[in-house]
Amino acid sequence: MKYLKVYLIAMLIIIVGTIILGSLSYANIISENIFNILKSLTVFLSSFLGGYTLGGKASEKGYLEGVKIGSFISLTFLIIGFLLYRKFRLQKFILSLLILLVSVLGSIIGINKKKEKNKNH
């Protein structure tokens, strides 16, 4: 249940962020290149936050929590990409690996912050 909640929040951040960025791009407030960069950053940020949240809740091996949530998010993007384009793209695979890495990094930082907080109290 905790994975579903974090996953849905991460996906909501991605969807809302993409809608806002798309609106800014449509109104010619930001360029297409900036839009693509910010869209990727939104995905990475939500992945990091998901990993951080789960890592903070883990008692040990926080990186596994990051692998789990990162895998859920990456698989979602790979499946949607395959359904829309019907072909495998190396760029999407690399993006998925980066999402996985960022979520693992977030979970490692999350569990370390938890340990640091517990050590001080």
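Data block above holds the structure.
Just so we're clear, the structure is a prediction, and the values are computed from it rather than from any experiment.

Draft legend 1. Seen up close, the overall build of the protein. Broken down by element type, the protein carries 4 helices and 0 strands. Overall, the protein shows an N-to-C arrangement of helices and strands of α-α-α-α. With respect to the principal axes defined by its C-alpha atoms, the protein has extents near 50 × 30 × 25 Å. Residues classed as buried in the protein amount to 29% of the 121 residues present. Long-range contacts, defined here as pairs at least 24 residues apart, represent 79% of the contacts in the protein between residues at least 6 apart. Positive and negative side-chain charges of the protein, numbering 15 and 4 respectively, have mean locations separated by a distance of 5 Å.

Draft legend 2. Fine view of the environment of Ser47. When you line up the elements, Ser47 lands in helix 2 (residues 32–57). C-alpha separation for the pair Ser47 and Gly70, spaced 23 residues apart in sequence, amounts to 6.4 Å. Ignoring anything within four residues of it in the chain, the contact list for Ser47 reads Ile73, Ile99, Val102 and Ser103.

Draft legend 3. Focus on the packing of aromatic side chains. As enumerated under the stated definition, the model contains 3 aromatic pairs in all. A centroid spacing of 6.4 Å and a plane angle of 80° characterise the contact between Tyr7 and Phe72, whose relative ring orientation is edge-to-face. Within this pair, whereas Tyr7 is found in helix 1 (residues 2–26), its partner Phe72 is found in helix 3 (residues 62–85), the two being separated by 65 residues in sequence. Geometrically, the ring pair formed by Phe48 and Tyr52 is stacked, given 6.3 Å between the ring centres and 20° between the ring planes. Placement of both Phe48 and Tyr52 in helix 2 is noted, with a separation of 4 residues, approximately one turn of the helix. Classification of Phe48 by relative accessible area gives partly exposed; the value is 23%. Judged by its relative accessible area of 34%, Tyr52 falls in the partly exposed class. Joined through ring pairs, the aromatic side chains of Tyr3, Tyr7 and Phe72 make up one cluster.

Draft legend 4. The pattern of salt bridges, seen in detail. Evaluation of the coordinates by the stated rule reveals 1 salt bridge. Residue Lys68 is joined to Glu65 by a salt bridge in which the shortest nitrogen-to-oxygen separation is 3.9 Å. Within this pair, Lys68 and its partner Glu65 are both found in helix 3, separated by 3 residues, close to a single helical turn. A relative accessible area of 35% means that Lys68 is categorised as partly exposed. Classification of Glu65 as buried rests on a relative accessible area of 9%.

What counts, and at which threshold
- Residues numbered from 1 in each chain as written.
- Predicted model: local features only at pLDDT ≥ 70, side-chain atom pairs only at ≥ 80, totals over all residues.
- Heavy atoms only, no water.
- Helix = DSSP H or I, 4+ residues; strand = E, 2+ residues; numbered from the N terminus.
- Buried < 20%, exposed > 50% of the residue type's maximum accessible area, 1.4 Å probe, protein only.
- Contact = heavy atoms within 4.5 Å.
- Lys, Arg positive; Asp, Glu negative; His and termini not counted.
- Charge placed at Lys NZ, Arg CZ, Asp CG, Glu CD.
- Phe/Tyr/Trp six-rings, centres within 6.5 Å; stacked < 30°, edge-to-face > 60°.
- Salt bridge = Lys/Arg side-chain N within 4 Å of Asp/Glu carboxyl O.

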